[in-house]
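Results of the structural survey
Each chain, written out:
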Amino acid sequence: MPKRDPTTPDGARRSLLVMWTIRRFEEALEELFARGVLHGTMHLSIGQEAVAEGVAAALDEGDFITSTHRGHGHAIAHGADLERMFAELLMKDTGYCRGRGGSMHIADVAAGNLGANGIVAGSMTIATGAAFSQMMQGTGKVVACFFGDGAANEGAFHESLNLAGIWSLPVVFVCENNQYGMSMAVDKATAGGSIVRRADAYGIPGVRVDGNDVVDVFRNTSEAVARARRGEGPILIEAVTYRYRGHSKSDRNLYRTVDEIEQWRKSRDPLDRYEARVIDEGWLTSDQLEECRIEARDAVRRAVEAAFRAPDADPADLVGAAYA
Amino acid sequence: MPETMTYAAALRAAMRLLLSQDERVFLAGEDIGVYGGAFGVTDGLVAEFGEERVRDTPISEEAIVGLAVGAAITGMRPIVEMQFSDFVANAMDPLVNQAAKLHFMYGGNVTVPMIVRAPGGGGTGAAAQHSQSLEAWFAHVPGLKVVLPATPQDVHDLLLAAYLDPNPVVFLEHKLLYKTEGPVELRSRAEDTPARIGEAKVLREGTDLTIAAYSIMTPRALEAADGLASAGIEAEVIDLRTVQPLDIDTVRASVKKTGRLLVTHEAPQPVGVGAEVVAGVCESDALDYLLAPVARVCGQPVPMPYARELERAVIPQVEDVEAAAKELVNA
Ligand SMILES: Cc1ncc(C[n+]2csc(CCOP(=O)(O)OP(=O)(O)O)c2C)c(N)n1
Ligand SMILES: [Mg+2]
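Residues numbered from 1 in each chain as written. Chains lettered and ligands numbered in written order. Predicted model: local features only at pLDDT ≥ 70, side-chain atom pairs only at ≥ 80, totals over all residues. Heavy atoms only, no water.

Here's the deal with the environment of B:R308
What counts here: Helix and strand assignments come from DSSP, with helices taken as H or I runs of at least 4 residues and strands as E runs of at least 2, each series counted from the N terminus. In this description, contact between two residues means that some pair of their heavy atoms is separated by no more than 4.5 Å.
With respect to the element layout, B:R308 can be found in helix α11 (residues 308-314). Taking the C-alpha atoms as reference points, B:R308 and B:A127, separated by 181 residues in sequence, lie 9.9 Å from one another. Among residues more than four places away in sequence, those in contact with B:R308 are A:G36, A:L38, A:H39 and A:M91.

A word on the interface of chain B and chain A
Heads up, the rule is: Buried surface area refers to the total accessible area, computed with a probe of radius 1.4 Å, that the two partners give up upon joining, counted for both partners together. Salt bridges, as used here, are contacts in which a Lys or Arg side-chain nitrogen is within 4 Å of a carboxyl oxygen on Asp or Glu. Only Asp, Glu, Lys and Arg are considered charged, only Ala, Val, Leu, Ile, Met, Phe, Trp, Tyr, Cys and Pro nonpolar, and every remaining residue, Gly among them, polar.
In this assembly, 36 residues from chain B lie in contact with 39 residues from chain A. Together chain B and chain A conceal approximately 2900 Å² of surface at their shared face, both sides included; 59% is due to carbon and sulfur atoms. The largest contributions to the chain B side of the interface with chain A come from B:Y35, B:I59 and B:Y306, which together make up 28% of the buried area. The interface formed by chain B and chain A includes one salt bridge. Residue B:D43 is joined to A:R252 by a salt bridge in which the shortest nitrogen-to-oxygen separation is 3.3 Å. For the side of chain B that touches chain A, the element with the highest residue contribution is α11(B), accounting for six residues. Considering only residue class, the side of chain B that touches chain A consists of 19 nonpolar, nine polar and eight charged.

Examining the coordination of the magnesium ion (ligand 2)
The textbook angles at a metal center are 109.5 degrees for a tetrahedron of four donors and 90 or 180 degrees for an octahedron of six. Residues and elements named next belong to chain A. Here is the rule: Donor selection uses N, O and S atoms within 2.8 Å of the metal (3.2 Å for Na, K and Ca). Since no water is included, sites may look incomplete. Partly exposed describes any residue whose relative accessible area lies between the buried limit of under 20% and the exposed limit of over 50%, with all areas from a 1.4 Å probe on protein chains only and scaled to the type maximum.
At 2.1 Å from the magnesium ion (ligand 2) lie its protein donor atoms, namely D149 (OD), N178 (OD1) and Y180 (O). Classification of D149 by relative accessible area gives buried; the value is 3%. Given the relative accessible area of 10%, Y180 is considered buried.

Thoughts on the pairing of strand β6 (residues 206-210) of chain A
All names here are of chain A. Rule in force here: Pairing between strands is defined by DSSP: at least two bridges between the two strands are required. Here the term right-handed applies to a crossover when the path leading from its first strand over the helix to its second strand runs clockwise, the strands being oriented away from the viewer.
Here five bridges tie β6 to strand β7 (residues 235-240), and the two strands are oriented parallel to one another. Pairing of R208 across the sheet is with E238, part of β7. Since β6 and β7 lie parallel, the crossover through helix α9 (residues 214-229) that links them has a hand, and here it is right-handed.

Examining the domain arrangement of chain B
All names here are of chain B. The criterion, for reference: Marked domain ranges trace back to an automatic or database domain assignment. In protein, a polar contact requires one atom able to donate a hydrogen and another able to accept it; more generally it is a pair of N or O atoms within 3.5 Å, and residues adjacent in sequence count only if both atoms are side-chain atoms.
Domain boundaries in chain B define domain 1 (3-192) and domain 2 (201-329). Inter-centroid distance (C-alpha atoms) of domain 1 to domain 2 is 26 Å. With 25 residues of domain 1 in contact, the opposing surface of domain 2 contributes 24 residues. Of the roughly 1800 Å² buried where domain 1 meets domain 2, counting both sides, 60% is carbon and sulfur surface. Our count for the contact surface shared by domain 1 and domain 2 stands at two salt bridges. Between K201 and D154 there is a salt bridge; the shortest N-O distance is 3.9 Å. Taken together, domain 1 and domain 2 are joined by twelve residue pairs in polar contact (both at pLDDT 80 or more). Elements with a contribution of two residues or more to the side of domain 1 that touches domain 2: α6 (135-139), β6 (145-147) and α7 (152-164). Across the side of domain 1 that touches domain 2, the residue classes tally to 14 nonpolar, eight polar and three charged.

Here it is in structure tokens:
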């Protein structure tokens, strides 16, 4: 059973809330970063919220995800606690990784988030292993593996699809094709011109979805998840989307035009589109929609305030910490 | 006349020289073209030399390093970049099982003249998968040379030396060094480089103890030596510059003079380069000159954490070197 169905009134409210929460969360991070209270760098998924939510909504409670360096949205959509996420970025002991991981490494294994990963395609073999484990243990659970268009050129992508293919593992590979791997345009990086068609090589279904349409992502992922749960094997979903912000904090955006970014933002924004759809279909009223926005904003505010009050991570706890 | 420039600029100038001087040289790596590299090191080179010779690659580390091996054994002089040294883990086969082995394994009928550049080290808040100091891995593989320049002049000169070397060279640049400035005499031909792979350099003379350092710990050791001097302790600071081959003779000679040895690196202490330096001293008559046990000031044996205070606690700081040196001298 999907956790929520964005094509029903109740599901729409919850999905919209998740998507707004992701956006407000990352906007809050930008502000914190500008104020100099964060360390390191971060990768924002603003503009890609529909992929995270469309996939996470289609999973059942107890299913797993693996995530990427651009993973805030995946974590939030899969149920992460905002306060613990902020606490992690604010270097607090109460953070998901006790301040050891930061933006790129949010994990909540008990809740099914097997972790964000700083290594491009690094989570793909892990997702395959987690799916293998579900099959061996007969749990009936499914793993959704997020990765980027750039990751499709790592050996790990090919080895994972092949292994999952020959053993029919319950894993849904979700490629977030946001048009660039850092500065490299997907067309320039991808021989054969298509990521989704690579599925053919491994004898698994491949489907290209509109990654800025949460309903399209949800429907296709639901089918893929159901199929994987029935033991019919993996699927490759390519979700076409766009990253509004720079790759990370040091990006000068020299490889694309402001016009291109504006085009996507103005005409294909996943939140604008879903809100319009929700009203059109009569799933929510405009008042309810406004309530969602306010609820997301307030939840983010409350979480960040609470996180600030938490105790800092303590260097004394590092001794011996590399081992269980 | 030397001019003041950053470590990154001096490194870029060396690559520019090699690209101009030798048609066989090319650069390849992720985002090294119009992006200029994750740390801006290759900024502008694609405009100067074109996309053929300054090649953006897909995110495929194994293929990038393998490409270098294949090109090197067939007449080219590749300089490839791993965006962070951590990602060389994805390219260990072409580096360790191929590049390092071919010359010997094929009975000397091939050489593998290639350079793998990679930024390493912590202090940027990039956490466990983007902050490692992996030099000991490479130094342990016969066939690889491992260079870790600490100053703008050395990064310029040693890249040229690496190019002149017929072996695969792992060239590790600490991220915090990129923006450091210093006087640099730019060479006009690679052959003019005075630096030799396998030669350490005494950066400061002293009589009370020897501090052997490399990479980011070199400037930290120099700063510690200033602090020690105001406490009446004269430290001799050696920049090892390359850890494979290791210039142990320079360290031995210094220890004979000072009678005390402190080795420092950011990489975790266990089975690190420091142990090799200490053993090298103990295997010689320098051992007889030691007035105190040797000391190591190295990274804590945990993956690099994100939080500022945690990261600071894991990385050896100037104060740590200073305190350990005082303890040695006052023991
Ligand atoms: C193995 C590895 N190589 C390179 C990097 C540096 N890097 C981090 S993200 C990134 C781009 C990834 O592109 P993509 O997979 O499309 O994901 P996106 O950033 O677009 O979400 C690169 C090159 C890395 N973290 N790991
Ligand atoms: Mg991408």
